[in-house]
Amino acid sequence: MIEPYQVVGLVPTMRGIRYRDEIKRNIEHLGHLTKAASWLSAMALPVRLITIPEGALQGFNDEVLDHDHEWFAAECAIDIPGPETDALGALAAKWDAYVMATAKARHPEFPGRFFNVGFAISPAEEIVLVHHKVVPLQPVEHSVTPHNVWDRWVELYGDGLDAFYPVADTEIGRLGVMMANEASYPENARGLAMNGCEVAYRGPYPHPHAGNGFFEIQNRARALDNNMYVIANQVGTYYLDAESDIPIDTFGSASMICDYRGTVVGQVGYAGHSTYVAGTVDVQALRDFRARAQFGNWLKDLTTEQYQVIYREPIYPKNLYLDRKPYGHDEYRREVTEKQIELLHERDVWRRPDPGTRDEGGAGDHG
């Protein structure tokens, strides 16, 4: 039986990196924050899970500065396993807790490319879960996804749930990863749930969207829809590089822990500096609810044949980066975003706006 335990979601100050070696400073900071968060949170129940938000190791300079993908892959991306995961494994061992984190990382089958990779490390310092982000922060994130290299990915890993939504069955429950923009799409949370996920790590979400409700709405809905815990911790202040003394708030919303009925059971407001969120995870209660409820345990009622009709026609192009590096920001808008919007108009999924309702910048004029 899995006893209730505390989960701690770190909300660290982060510094963008220019080279891989600069990650060490961020990891050192995470070590100090983990000590404070774990010691204080364990006064309630034992801390068995520590989550580190997306961006905490490397920042988001590849996105903010529109870096060349191949340069970033060579100079800033990590390898999994590697020194960085070894350092986080030492934290897991020290605090006798699972550690979940993410990093932009290389893949041996795709030279010159990097993926955004979520992973979990056990207290025995073993990597027990590796997840490759399936939806980046479009249109600015340069990470390659499995769908971008679909044919080769399926050749390597198949097309089952484990290829896209892996879940680790551990002593603290079944763990899954749902990074940042992945949770903007309900299908990704459902993929984890259908593969057995009970506790999902959710990465941070940018302001102004986060500060205007997107983050909390998505977190609670994904938890409720799939009867799983969602651990959603933001990052704190963002410094562009190691020498910067200019703190920028790029996330700006509360961090939270949502239970399997979408209730917030742990929360900390945005503070503009390093902090953490903590709350209780009760996997046995989750399993009991899934097994005994007549209403609210939704997965038992899925009419899957019907839902397949929704996705019969492809929308987003697969294999986008199978034979080329990812686009920069301007190229992506021209070659992908504009074409995708036109596709939905052509299919009459979206109705075109009436003439005269947009200004030159594309913003709606409803004054």
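Residues numbered from 1 in each chain as written. Predicted model: local features only at pLDDT ≥ 70, side-chain atom pairs only at ≥ 80, totals over all residues. Heavy atoms only, no water.

- The protein is annotated in an unreviewed UniProt entry as Hydrolase from Pseudonocardia yuanmonensis.

**Observations concerning the packing of helix α7 (residues 186-194) against helix α8 (residues 214-226)**
Turning to step 1, where the next piece is worked out: One way to put it is that α7 packs onto α8 with a least axis distance of 10 Å and a crossing angle of 40°. With respect to α8, the axis of α7 lies oblique. You can see that α7 and α8 cross each other, and the crossing is right-handed. Contacts from Pro186, Ala189, Arg190 and Ala193 of α7 reach α8 at Arg222, Asp225 and Asn226.
Turning to step 2, where the next piece is worked out: In terms of residue class, the contact of α7 with α8 is built from three nonpolar, one polar and three charged. (Axes fitted to C-alpha atoms, helices over the stretch in contact; angles between N-to-C directions. Helix = DSSP H or I, 4+ residues; strand = E, 2+ residues; numbered from the N terminus. Parallel < 35°, antiparallel > 145°, perpendicular 65-115°, else oblique. Left-handed = near helix turned anticlockwise from the far one by under 90°. Contact = heavy atoms within 4.5 Å. Nonpolar A, V, L, I, M, F, W, Y, C, P; charged D, E, K, R; others polar.)

**Focus: the nonpolar core**
Taken as a class, soluble globular proteins show a tendency for nonpolar side chains to be buried jointly.
Turning to step 1, where the next piece is worked out: Within the largest apolar cluster, 56 residues are counted, with the highest numbers of intra-cluster contacts made by Leu10, Ile52, Leu57, Leu88, Phe115, Trp153 and Met178.
Turning to step 2, where the next piece is worked out: Setting aside its immediate chain neighbours within four residues, methionine 178 contacts Ala183, Ala189, Leu192, Ala200, Tyr201, Arg202, Gly203, Arg222, Met228 and Val230.
Turning to step 3, where the next piece is worked out: Residues Ala120, Val199, Val283 and Leu286 belong to the second largest nonpolar core, which totals 26 residues. (Core = buried A, V, L, I, M, F, W, Y, C linked by side-chain atoms within 4.5 Å. Buried < 20%, exposed > 50% of the residue type's maximum accessible area, 1.4 Å probe, protein only.)

**Concerning the UniProt feature "domain: CN hydrolase" (unreviewed entry) in the protein**
Turning to step 1, where the next piece is worked out: Under the present numbering, the feature "domain: CN hydrolase" (unreviewed entry) in UniProt falls on residues 7-283.
Turning to step 2, where the next piece is worked out: With 28% helix and 25% strand, residues 7-283 has end C-alpha atoms that lie 12 Å from one another. (UniProt positions renumbered as here; feature names shortened; annotations may be inferred.)

**Re the sheet that holds strand β8 (residues 173-178)**
Turning to step 1, where the next piece is worked out: Spatially, the six strands line up as an open sheet ordered β7-β8-β9-β10-β12-β13, and their pairing is mixed. One side of each edge strand has no neighbouring strand; the edge strands of this open sheet are β7 (168-170) and β13 (264-268). Neighbour to neighbour, the strand axes of the sheet diverge by 20° on average, direction disregarded.
Turning to step 2, where the next piece is worked out: Note that strand β12 (residues 255-258) and β13 share four bridges and pair antiparallel. Residue pairing across strands places isoleucine 257 opposite glycine 266, the latter belonging to β13. (Pairing = 2+ DSSP bridges.)

**Thoughts on the packing of helix α1 (residues 23-41) against helix α4 (residues 83-95)**
Turning to step 1, where the next piece is worked out: Where α1 contacts α4, the two axes come as close as 11 Å, and the packing angle between them is 10°. Taken together, α1 and α4 sit at an angle that is classed as roughly parallel. Of the residues in α4, those in contact with Ile23, Ile27, Gly31, Thr34, Lys35 and Ser38 of α1 are Glu84, Ala87, Leu91 and Trp95.
Turning to step 2, where the next piece is worked out: Of the residues assigned to the contact of α1 with α4, the class counts are five nonpolar, three polar and two charged.

**Observations concerning the sheet that holds strand β1 (residues 5-11)**
Turning to step 1, where the next piece is worked out: Here we have six strands laid out as an open sheet, ordered β6-β5-β4-β3-β1-β14, and mixed in their pairing. Edge strands, defined here as strands with exactly one partner in the open sheet, are β6 (127-132) and β14 (275-281). With strand direction ignored, the average angle separating the axes of adjacent strands in the sheet is 25°.
Turning to step 2, where the next piece is worked out: For strand β5 (residues 114-121) and β6, the ladder comprises five bridges, and the chain directions are antiparallel. Of the residues in β6, the one forming a bridge with glycine 118 is histidine 131.
Turning to step 3, where the next piece is worked out: Relative to the sheet, α1 contacts β1, β3 (47-51) and β14, its axis offset from that of β1 by approximately 145°.

**Things to note about the side chain of arginine 113**
Turning to step 1, where the next piece is worked out: Note on placement: arginine 113 falls in the loop between β4 (98-106) and β5.
Turning to step 2, where the next piece is worked out: Judged by its relative accessible area of 14%, arginine 113 falls in the buried class.
Turning to step 3, where the next piece is worked out: Within the structure, arginine 113 has its side chain in polar contact with the side chain of glutamate 70 (distance 3.2 Å).
Turning to step 4, where the next piece is worked out: Within the local environment of arginine 113, its side chain forms a polar contact with the backbone oxygen of arginine 324, the two atoms lying 3.5 Å apart. (Polar contact = N/O pair within 3.5 Å; in protein donor to acceptor, adjacent residues only side chain to side chain.)

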